[in-house]
Amino acid sequence: MAFSAQNSITIKRLRSSDSLILTFGNNGIPFFQAIDEVSGAISPNWEVAENQPVRIPTITSVRGLAVNVLSHKWSYNGTELLFNGAESGGWTTDSTGKFRINANGHIKIVKNLASAVNIAGDVLSYTVQVSVAGVEYSLSSELDIVIQKMGASSYYTTILADTESLSSDVLSTNITTKLFQGVTEITSYHTKWYKDFVEWPDKVGQKNITVTRDDISGAQLFIVEMCKTSAAGEPILAKAGIRIIDVSDEYKVIVEITSSNKMVSDGNNVTVKASIINMKTGSIYSPADAIWKLDVMDRENWLSLKTSATNSIEVTPLETDRNGNYYDVDVMAEVTFS
């Protein structure tokens, strides 16, 4: 049986040998805006209520313990948002007027973030303090807001899941895709789906798919490629990926930074190590027949930049610095054992 996990999932070890997992639900609207480089038009318009994206933080105890949220905060590009504005319909506006929050910590974007002077991606950060079995813990995660300056010939795809976390109670999730050309949504396109790098022929041609627990061993990366038609040789217009985890699986792969450097810079590499965790006991499991594969993934094109056949890999500027630009990367770890 194969197990996989990626480092974008936040997992905290608890003294009770439990694990906390922070994931985000959504209302089906991606964190994506495009601005036309000629007309200045922005799409979608987040000032229109039906276009406004919502993110729903969810903290899950793998062992099913009650999670009590003590406090939480959202930050935009590193600056904490202060929700001290008007309240309407259960939503309170922040001091910038761009965001709203409800009593459960769900956040909604209500103003356009893309502009003639903001044509690069933004980051929305979430930090939460929780109590589990009388012990307090802090979890945090970042959500990328993709903002692109797009011409009429530019393509971009978005991918969203109803939930990125399956369990014995949540048996499946729906994954939806959208394709944009410039600021216009394209509804006619052909898809190819992959589990990691292996083509998934059962889903070919489907724009939206359902993923069940049977499709996942611990965690799974799903990649979609989009072409104009199904004809052989059609160029790929866009590609996107999403990770789905199963919190009820007996074994999980966790990915941790073990070097003193936590971010890549000139002369400072980052070492990442993967381990197998027995989720029933909370202990590290080290089978003698474990076969590892770690990949440093290009998040722009979902291609492997570097591979290791051990449970450790080093990320260097050779992977993050390309064509004069700096890029974040993902480390994807898989292991098979009997």
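Residues numbered from 1 in each chain as written. Predicted model: local features only at pLDDT ≥ 70, side-chain atom pairs only at ≥ 80, totals over all residues. Heavy atoms only, no water.

Sheet analysis places strand S15 (residues 155-161) next to strand S17 (residues 172-181), joined by seven bridges and oriented antiparallel. Bridge pairing in S17 places Thr157 opposite Leu179. Where S17 lies against strand S21 (residues 208-212), five bridges are found, and the strand directions are antiparallel. Each residue of the ladder has a partner; that of Asn174, found in S21, is Thr210. Bridge count between S17 and strand S18 (residues 184-186): three bridges; the pairing is antiparallel. (Pairing = 2+ DSSP bridges. Helix = DSSP H or I, 4+ residues; strand = E, 2+ residues; numbered from the N terminus.)

Time to look at the nonpolar core. The biggest cluster of nonpolar side chains holds 26 residues, and the ones touching the most others in it are Trp74, Phe99, Leu113, Leu124 and Ile145. Elements with a minimum of two residues in this core: strand S3 (19-26), strand S7 (68-76), strand S11 (99-101), strand S12 (107-109), strand S13 (122-132) and strand S14 (135-150). In terms of residues, this core owes the most to one element, S14, which gives six residues. (Core = buried A, V, L, I, M, F, W, Y, C linked by side-chain atoms within 4.5 Å. Buried < 20%, exposed > 50% of the residue type's maximum accessible area, 1.4 Å probe, protein only.)

Let's shift gears to the environment of Asp330. Along the polypeptide, Asp330 turns up in strand S32 (residues 329-336). The exposure class assigned to Asp330 is buried, which follows from its relative accessible area of 4%. Sequence spacing of Asp330 and Glu250 is 80 residues, and the spatial spacing of their C-alpha atoms is 24 Å.

With that settled, consider the confidence of the model for the protein. Averaged over all residues, the pLDDT of the protein equals 87, while 93% of them reach at least 70. The low-confidence segment residues 1-15 (pLDDT under 50) makes 67 contacts with residues lying over four places distant or belonging to another chain. (pLDDT = per-residue confidence, 0-100. Contact = heavy atoms within 4.5 Å.)

This part is about the pattern of salt bridges. All chains considered together, the criterion is met by eight salt bridges. Note that Arg243 and Asp330 form a salt bridge whose closest N and O atoms lie 1.5 Å from each other. In this pair, Arg243 sits in strand S23 (residues 238-246) while Asp330 sits in strand S32, placing the two residues 87 residues apart along the sequence. With respect to burial, Arg243 and Asp330 carry one shared label: buried. A salt bridge links Asp330 to Arg299, with the nearest nitrogen and oxygen atoms 3.6 Å apart. In this pair, Asp330 is assigned in strand S32 and Arg299 in the loop between strand S27 (291-298) and strand S28 (303-308), connecting sequence segments 31 residues apart. The class for Arg299 is partly exposed, based on a relative accessible area of 29%. (Salt bridge = Lys/Arg side-chain N within 4 Å of Asp/Glu carboxyl O.)

Turning our attention to the side chain of Thr157. Here Thr157 shows up in strand S15. Within polar-contact distance, the side chain of Thr157 engages the backbone oxygen of Lys178 at 2.9 Å. Once you skip the residues sitting within four places of it in the chain, Thr157 turns out to touch Lys178, Leu179, Met226, Ala238, Lys239 and Ala240. (Polar contact = N/O pair within 3.5 Å; in protein donor to acceptor, adjacent residues only side chain to side chain.)

Turning our eyes to something else, we now look at the pairing of S3. Two faces, one strand: in a regular strand the side chains alternate between the faces of the sheet. Most of S3 is tucked away: eight of the eight residues are buried. Burial along S3 is two-sided: the residues Ser19, Ile21, Thr23 and Gly25 and Leu20, Leu22, Phe24 and Asn26 are all buried. Pairing of S3 with strand S6 (residues 54-61), which is carried by seven bridges, proceeds in the antiparallel orientation. Looking at S6, one finds that Phe24 is bridged to Pro57.

Take the environment of Phe83 next. By the secondary structure assignment, Phe83 is in the loop between strand S8 (79-80) and strand S9 (87-88). Linking Phe83 and Gly97, residues 14 residues apart in sequence, is a C-alpha distance of 9.1 Å. When near neighbours in sequence (up to four residues on either side) are disregarded, Phe83 contacts Trp74, Thr92, Thr93, Asp94, Phe99, Arg100, Ile101 and Ile107.

Hydrogen bonds between backbone atoms are what pair the strands of a sheet, whose relative direction is either parallel or antiparallel. On the basis of which strands lie adjacent, the open sheet formed by six strands has the order S5-S4-S14-S13-S7-S8 and mixed pairing. Because the sheet does not close on itself, it has two edges, and the strands there are strand S5 (42-43) and S8.

The description of an aromatic ring pair uses the distance of the two centres, along with the angle that the planes make with each other. In the structure shown here, the tally under the stated rule is ten aromatic pairs. Ring plane angle 40° and centroid distance 4.8 Å describe the contact between Phe32 and Phe180, whose orientation is recorded as tilted. In this pair, Phe32 is assigned in strand S4 (residues 32-36) and Phe180 in strand S17, connecting sequence segments 148 residues apart. With a relative accessible area of 1%, Phe32 lands in the buried category. Each ring, one from Trp74 and one from Tyr126, has its centre 4.7 Å from the other, and the planes form 45°; the classification is tilted. Residue Trp74 is found in strand S7, and its partner Tyr126 is found in strand S13; the two are separated by 52 residues along the sequence. Of the two residues examined, Trp74 and Tyr126, each falls in the buried class. The ring of Phe31 has Arg55 sitting right over it, with the charged end atom 4.0 Å from the ring centre. (Phe/Tyr/Trp six-rings, centres within 6.5 Å; stacked < 30°, edge-to-face > 60°. Lys NZ or Arg CZ within 6 Å of the ring centre and 35° of its normal.)

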